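Residues per chain, in single letters:
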Amino acid sequence: HPFPSRRSSGLNGLDTYEELVRAGDLQILAAAREGRFNLLHVCGVPRNLDAFAAYPTHVINWADRAAGPALGTVVGRVDPVVCGGVDNLNTLPNGKPAQVEAEVQDALRQAGRHPMIVSAGCTYDPKAVPPENLEAMVRAAKTTALPAT
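Below: a short report on this structure. Please read all numbers here as calculations on a predicted model, not as lab measurements.

With that settled, consider the overall build of the chain. Each helix and strand in the chain was counted, giving 6 helices and 4 strands. For the chain, the α and β elements follow one another from N to C terminus as α-α-β-β-α-β-α-α-β-α. Burial statistics for the chain: of 149 residues in total, 38% are counted as buried. Per element, the accessible surface of the chain, about 8700 Å² overall, is 56% carbon and sulfur.

The following block contains the structure:
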């Protein structure tokens, strides 16, 4: 596992987050509430994305493709706009434009009518990503038909 310190154990489990981190997160987000646009990025492998569902933020982003959970399993459980849909570790730097387009189309299908921003799930090396793949991401986001209301 690439993040051994994030494994549940007697010393570091889901309760550790609640005990040590959540209060600080909420304090920071309360101070940022006056901002016009706040995006929360959940980095790594989120073991309990529901813990962030009620955070006071406009958008929640995570590596849905590389780390999970899938967008379709989350959209009914969170209020903020979801952000992601394209694998930042594999498809974006190494895939073909058609693969990027397919991930965007699938992400929009999974989101349904839930508001969504199409993006990479996490950061990526811009020097490693072919411009054609970024163009494919934008093109697919603009042209993919959304489900009827």
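A few words on the nonpolar core. Grouped together as the largest cluster of nonpolar side chains are 28 residues, with contacts concentrated most on V42, L49, F52, I60, W62, V82 and M116. Elements that contribute at least two residues to this core include exactly strand 1 (39–42), strand 2 (59–62), helix 3 (71–74), strand 3 (81–86), helix 5 (97–111), strand 4 (116–120) and helix 6 (131–143). The element contributing the most residues to this core is helix 5, with 5 residues. Contacts of I60, omitting those with residues within four sequence positions, involve L40, V42, L49, F52, P80, V81, V82 and C83.

Our focus in this paragraph is the pattern of salt bridges. All chains considered together, the criterion is met by 5 salt bridges. We note a salt bridge from D50 to R77, for which the minimum N-O separation is 2.6 Å. Taken together, the residues span a long stretch of sequence, with D50 in the loop between strand 1 and strand 2 and R77 in the loop between helix 3 and strand 3 at a distance of 27 residues. One salt bridge in this structure joins D106 and R65, with 2.9 Å as the shortest N-O distance. In this pair, D106 sits in helix 5 while R65 sits in the loop between strand 2 and helix 3, placing the two residues 41 residues apart along the sequence. Since its relative accessible area comes to 28%, R65 is described here as partly exposed.

With that settled, the discussion passes to helix 6. With 13 residues, helix 6 ought to run about 18 Å at 1.5 Å a step, and its terminal C-alpha atoms sit 18 Å apart, in line with that. Restricting attention to buried positions, one finds in helix 6 the residues N133, A136, M137 and A140. For helix 6, the buried positions fall inside an angular range of 100° around the axis, keeping them on one side. Looking at helix 6, the residues exposed on the side facing more than 90 degrees away from the buried face are K142 and T143. Structurally, helix 6 contributes buried residues whose contacts are with strand 3, helix 4 (91–94), helix 5 and strand 4.

On to the packing of aromatic side chains. For the structure on display, the rule yields 1 aromatic pair. Relative to Y55, the ring of F52 lies with its centre 5.2 Å away and its plane at 75°, an arrangement referred to as edge-to-face. Note on F52: relative accessible area 12%, which makes it buried. Note on Y55: relative accessible area 3%, which makes it buried.

With that settled, consider the environment of A141. Relative to the helices and strands, A141 is located in helix 6. Separated by 22 residues in the primary sequence, A141 and S119 have C-alpha atoms spaced 9.4 Å apart. For A141, the residues in contact, after removing those within four places along its chain, are V104, L108 and V118.

What counts and what doesn't
Residues numbered from 1 in each chain as written. Predicted model: local features only at pLDDT ≥ 70, side-chain atom pairs only at ≥ 80, totals over all residues. Heavy atoms only, no water. Helix = DSSP H or I, 4+ residues; strand = E, 2+ residues; numbered from the N terminus. Buried < 20%, exposed > 50% of the residue type's maximum accessible area, 1.4 Å probe, protein only. Areas by Shrake-Rupley, 256 points an atom, 1.4 Å probe, with all protein chains shown as cover. Core = buried A, V, L, I, M, F, W, Y, C linked by side-chain atoms within 4.5 Å. Contact = heavy atoms within 4.5 Å. Salt bridge = Lys/Arg side-chain N within 4 Å of Asp/Glu carboxyl O. Expected span 1.5 Å × (residues − 1). Arc of directions from axis to C-beta. Phe/Tyr/Trp six-rings, centres within 6.5 Å; stacked < 30°, edge-to-face > 60°.

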